[in-house]
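Spelled out from the first residue to the last, the chains are:
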There are 2 protein chains.
Amino acid sequence: MVKRTSFEGDGCPVARSLEAIGDWWTLLIIREAMLGLRRFGEFQSKLGMAKNILSARLRSMLDHGILAMVPASDGSAYQEYVLTPKGRGLFPILVALRQWSEEFDDTPEEIDTIMIDRAKGRPVKKLELHAEDGRLLSLADITLKPRSAPRRRSA
Amino acid sequence: MVKRTSFEGDGCPVARSLEAIGDWWTLLIIREAMLGLRRFGEFQSKLGMAKNILSARLRSMLDHGILAMVPASDGSAYQEYVLTPKGRGLFPILVALRQWSEEFDDTPEEIDTIMIDRAKGRPVKKLELHAEDGRLLSLADITLKPRSAPRRRSA
DNA sequence: CTTGTGTGGTTGCATCATAAAACCAATTGG
DNA sequence: CCAATTGGTTTTATGATGCAACCACACAAG
């Protein structure tokens, strides 16, 4: 089996997230959903992607509980795709991706939008990771610990 | 050409980041690099991936300036792969992926590690997005603005 | 009720990327 | 110098992607 090496059984939470949203198009669909798109045709025309791929990704996100179908909206009998709380929880990931590009992209002049605080119209600050006591943490300040090592048979 | 729809020309910074690190294995390689792995064989045996794919991903990351080759380290004539500042800048993305899994995974008991503050040995807080004035921002509090639209030089 | 149009998909290929294994060169070790 | 390890490349098979064509349903007009 070649199977594209599913990360389902992996205990690494990064791998587990990638299992759900690591596809090529998934995060872009979620980005558009966060900007308010809801209909199949809206995603398809905005992203310019093949309809079968869009269909497969939407179904995968439904299965993962990232999107939900709501039976109505503007009166028509069609359905719409809306983010669940789990889907909205992806927001920091999108922000992190955006800010990495803003900070390190080789041709930042090609970036066409900036994220601003709606209330003040000012750019947002960088995402920050803090300790429980409030200290700002970077890569060098953290480490990983086994969770609680329950009886984990290597079955 | 089918070409997998490269996002190179896209002005969306999320797409631009995904162009560099949206591959299946790239973020896992970076995760291991952040944990201290440096050698080809270390990545290959730790991740259990095919060597040709690892080779292609490492080269891609070198091209993108995420990794660099350093000619020595422990005295041997081999080379090692180390994160550049741009590569270390991916840290918030990894944290965001991890925290999303921790918060929303359907089977969180399978997650085998937690990220802790090295100094205190306590779990870290969630990533937070703040406005310039310090207010905590969520998805509903932000919007996107065109970067520098006014200059309408007719090409 | 029949035709027409737009939405929301599915189905077939052709092509590309990925995976596993075999192979190979250079390094190191004895 | 011979053998094993490291660090890959090549080969081949299969799964994923992309495009276009097709199809089902809703809705509106005649």
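Quick summary incoming for the structure in this document. (Residues numbered from 1 in each chain as written. Chains lettered and ligands numbered in written order. Predicted model: local features only at pLDDT ≥ 70, side-chain atom pairs only at ≥ 80, totals over all residues. Heavy atoms only, no water.)

### A short note on the interface of chain A and chain B
Part 1 of the argument: At the junction of the two partners, chain A supplies 81 residues and chain B supplies 81 residues.
Part 2 of the argument: Taking both sides of the interface into account, the surface hidden between chain A and chain B amounts to around 8100 Å²; carbon and sulfur atoms contribute 65%.
Part 3 of the argument: Three residues, W24, W100 and R147 of chain A, lead the burial of chain A against chain B; their summed loss comes to 11% of the area buried on that side.
Part 4 of the argument: At the boundary of chain A and chain B, one finds twelve salt bridges.
Part 5 of the argument: Put simply, R16 of chain B and D105 of chain A hold a salt bridge, and the shortest N to O gap is 2.8 Å.
Part 6 of the argument: Along the contact surface separating chain A from chain B lie 39 residue pairs in polar contact (both at pLDDT 80 or more).
Part 7 of the argument: Only α1 (13-21), α2 (26-34), α5 (85-88), α6 (91-104), β3 (113-117), β4 (122-123), β5 (129-130) and β7 (142-146) of chain A provide two or more residues apiece to the side of chain A that touches chain B.
Part 8 of the argument: Here the element with the most residues in the side of chain A that touches chain B is α6 of chain A; it accounts for twelve residues.
Part 9 of the argument: Among the residues forming the side of chain A that touches chain B, the class breakdown is 43 nonpolar, twelve polar and 26 charged.
Part 10 of the argument: Relative to strand β3 (residues 113-117) of chain B, β7 of chain A runs antiparallel, the two being bridged by five bridges. Bridge pairing in β3 of chain B links P146 of chain A to T113 of chain B. (Contact = heavy atoms within 4.5 Å. Buried area = accessible area lost by both parts, 1.4 Å probe. Salt bridge = Lys/Arg side-chain N within 4 Å of Asp/Glu carboxyl O. Polar contact = N/O pair within 3.5 Å; in protein donor to acceptor, adjacent residues only side chain to side chain. Helix = DSSP H or I, 4+ residues; strand = E, 2+ residues; numbered from the N terminus. Nonpolar A, V, L, I, M, F, W, Y, C, P; charged D, E, K, R; others polar. Pairing = 2+ DSSP bridges.)

Geometric values such as these leave the question of function open.
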